[in-house]
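Each chain, letter by letter, is given below.
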Amino acid sequence: DMKVTQMPRYLIKRMGENVLLECGQDMSHETMYWYRQDPGLGLQLIYISYDVDSNSEGDIPKGYRVSRKKREHFSLILDSAKTNQTSVYFCASLGGRAEQFFGPGTRLTVL
Amino acid sequence: SQWGEENLQALSIQEGEDVTMNCSYKTYTTVVHWYRQDSGRGPALIILIRSNEREKRSGRLRATLDTSSQSSSLSITAAQCEDTAVYFCATDISGGSNYKLTFGKGTLLTVTP
């Protein structure tokens, strides 16, 4: 069963704390993505990963970094979180025929 | 239309009606994706249309693509309550080299009984 998972689903942090969002996929897809989605807006691309240790900035990388040490696992890290990073974060992986498979999202609140 | 500076658009129709959502894009693309997002869930691809297709159908869905006007549309025939969702169009602006999608702001479709 093709699946993208995200943990945690909900997270509340204080400003200045570090945040780790995790994403997994069981489809052996090489390319994975992190997006954020704010109310009324589309998805904004933060980072793309083309495979293990092969990452590229998206449109809004400032304040974020990523780690991909295994093909099936892609992490998004916020060092010293800011209140404007409150958002819903989605991970996706790229399948054949150009379809992106999305996870269920992580709702992050930074107080 | 989803692109430009406008916010999320909203459409409300009754069950059984037909509806068309439009998308215009700024950068040349050879493929337009249409994704659907249900409340509290991640987006899911519902139809993908390439520049050599002009029109594509999948069940009650019909997508069109006009590369000359840089626009695409998604139509739903005989809408049902379960079609209520946000619909996004997305284009690949990377030219197929690194597959980076740009998403529109979406259309919130509400279908009422």
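Before reading further, recall that the structure is shown in the block above.
The sections below set out a description of the structure shown in this document.

### So, the state of the cysteines
Phase 1 of the analysis: Counted under the stated rule, the structure contains two disulfides over all chains.
Phase 2 of the analysis: The disulfide partner of Cys 23 of chain A is Cys 91 of chain A, and the S-S distance across this bridge is 1.9 Å. For the disulfide bridge between Cys 23 of chain A and Cys 91 of chain A, the dihedral angle about the S-S bond is near -70°, and by the sign convention the bridge is left-handed. With Cys 23 of chain A in strand β3 (residues 19-25) and Cys 91 of chain A in strand β9 (residues 87-94), this residue pair connects regions lying 68 residues apart in the sequence. The exposure classification of Cys 23 of chain A matches that of Cys 91 of chain A, with both residues buried.
Phase 3 of the analysis: Two residues share a disulfide in this structure: Cys 23 of chain B and Cys 89 of chain B, whose sulfurs sit 2.0 Å from each other. In this structure, the disulfide formed by Cys 23 of chain B and Cys 89 of chain B twists by about 80° around the S-S bond and is classed as right-handed. Within this pair, whereas Cys 23 of chain B is found in strand β2 (residues 19-24), its partner Cys 89 of chain B is found in strand β8 (residues 85-92), the two being separated by 66 residues in sequence. Take Cys 23 of chain B and Cys 89 of chain B: they sit in the same class, and that class is buried.

### Some remarks on the sheet that holds β3 of chain A
What holds strands together in a sheet is hydrogen bonding between their backbones, with the strands either parallel or antiparallel.
All names here are of chain A.
Phase 1 of the analysis: The four strands lie next to each other as β1-β3-β8-β7, forming an open sheet whose pairing is antiparallel. Either end of the sheet is taken by a strand with one partner, and the two such strands are β1 (4-7) and β7 (65-70). Ignoring which end each strand starts from, the neighbouring axes of this sheet average 20° apart.
Phase 2 of the analysis: Sheet topology places β7 next to strand β8 (residues 73-78); four bridges connect them, and they run antiparallel. In the sheet register, Ser 67 faces β8, and the bridge partner there is Ser 75.

### Description of the sheet that holds β2 of chain B
Residues and elements named next belong to chain B.
Phase 1 of the analysis: Strand order in this open sheet of four strands is β2-β7-β6-β5, and the pairing throughout is antiparallel. Across the chains shown, the open sheet's two edge strands, defined by having one partner strand only, are β2 and β5 (55-58). The sheet shows a mean angle of 15° between the axes of neighbouring strands, direction not considered.
Phase 2 of the analysis: With four bridges joining them, β5 and strand β6 (residues 61-66) adopt antiparallel strand pairing. Pairing of Arg 57 across the sheet is with Arg 62, part of β6.

### Describing the packing of aromatic side chains
Given two aromatic rings, one states the distance between the centres and the angle between the planes to describe the pair.
Phase 1 of the analysis: With the rule as written, the count across this model stands at nine aromatic pairs over all chains.
Phase 2 of the analysis: The interplanar angle of 85° and the centroid separation of 5.7 Å between the aromatic rings of Phe 102 of chain A and Tyr 35 of chain B together place this pair among those described as edge-to-face. Of this pair, Phe 102 of chain A sits in strand β10 (residues 100-102) while Tyr 35 of chain B sits in strand β3 (residues 31-37), each in a different chain. Of the two residues examined, Phe 102 of chain A and Tyr 35 of chain B, each falls in the buried class.
Phase 3 of the analysis: Here a set of aromatic residues connected by ring pairs shows up, and it is made of Tyr 33, Tyr 35 and Phe 102 of chain A together with Tyr 35, Phe 88 and Phe 103 of chain B.

### Observations concerning the environment of Arg 65 of chain A
All names here are of chain A.
Phase 1 of the analysis: Secondary-structure assignment places Arg 65 in strand β7.
Phase 2 of the analysis: Distance in space between the C-alpha atoms of Arg 65 and Arg 97 is 28 Å, their sequence separation being 32 residues.
Phase 3 of the analysis: A distance of 2.6 Å separates a polar atom in the side chain of Arg 65 from a polar atom in the side chain of Asp 79.

### Details of the pattern of salt bridges
Residues and elements named next belong to chain B.
Phase 1 of the analysis: Applying the stated criterion to the full structure yields twelve salt bridges over all chains.
Phase 2 of the analysis: Between Arg 60 and Asp 83 there is a salt bridge, with the nearest N and O atoms lying 2.9 Å from each other. Residue Arg 60 is located in the loop between β5 and β6, and its partner Asp 83 is located in the loop between β7 (71-76) and β8; the two are separated by 23 residues in the primary sequence.
Phase 3 of the analysis: A single network of salt bridges, built from pairs that share partners, joins Arg 36, Asp 38, Arg 60 and Asp 83.

### Examining the pairing of strand β10 (residues 107-112) of chain B
Residues and elements named next belong to chain B.
Phase 1 of the analysis: The two faces of β10 differ: Thr 107, Leu 109 and Val 111 on one face are buried, but Leu 108, Thr 110 and Thr 112 on the other face are not.
Phase 2 of the analysis: Of the pairings in the sheet, the one linking strand β1 (residues 9-14) to β10 comprises six bridges and is parallel in character. Looking across to β10, one finds that Ile 13 is bridged to Val 111.
Phase 3 of the analysis: Here three bridges tie β8 to β10, and the two strands are oriented antiparallel to one another. Residue pairing in the sheet places Ala 85 in a bridge with Leu 109 of β10.

About the thresholds
- Residues numbered from 1 in each chain as written.
- Chains lettered and ligands numbered in written order.
- Predicted model: local features only at pLDDT ≥ 70, side-chain atom pairs only at ≥ 80, totals over all residues.
- Heavy atoms only, no water.
- Disulfide = S-S within 2.5 Å.
- Helix = DSSP H or I, 4+ residues; strand = E, 2+ residues; numbered from the N terminus.
- Buried < 20%, exposed > 50% of the residue type's maximum accessible area, 1.4 Å probe, protein only.
- Pairing = 2+ DSSP bridges.
- Axes fitted to C-alpha atoms, helices over the stretch in contact; angles between N-to-C directions.
- Phe/Tyr/Trp six-rings, centres within 6.5 Å; stacked < 30°, edge-to-face > 60°.
- Polar contact = N/O pair within 3.5 Å; in protein donor to acceptor, adjacent residues only side chain to side chain.
- Salt bridge = Lys/Arg side-chain N within 4 Å of Asp/Glu carboxyl O.

Geometry only, nothing functional implied.
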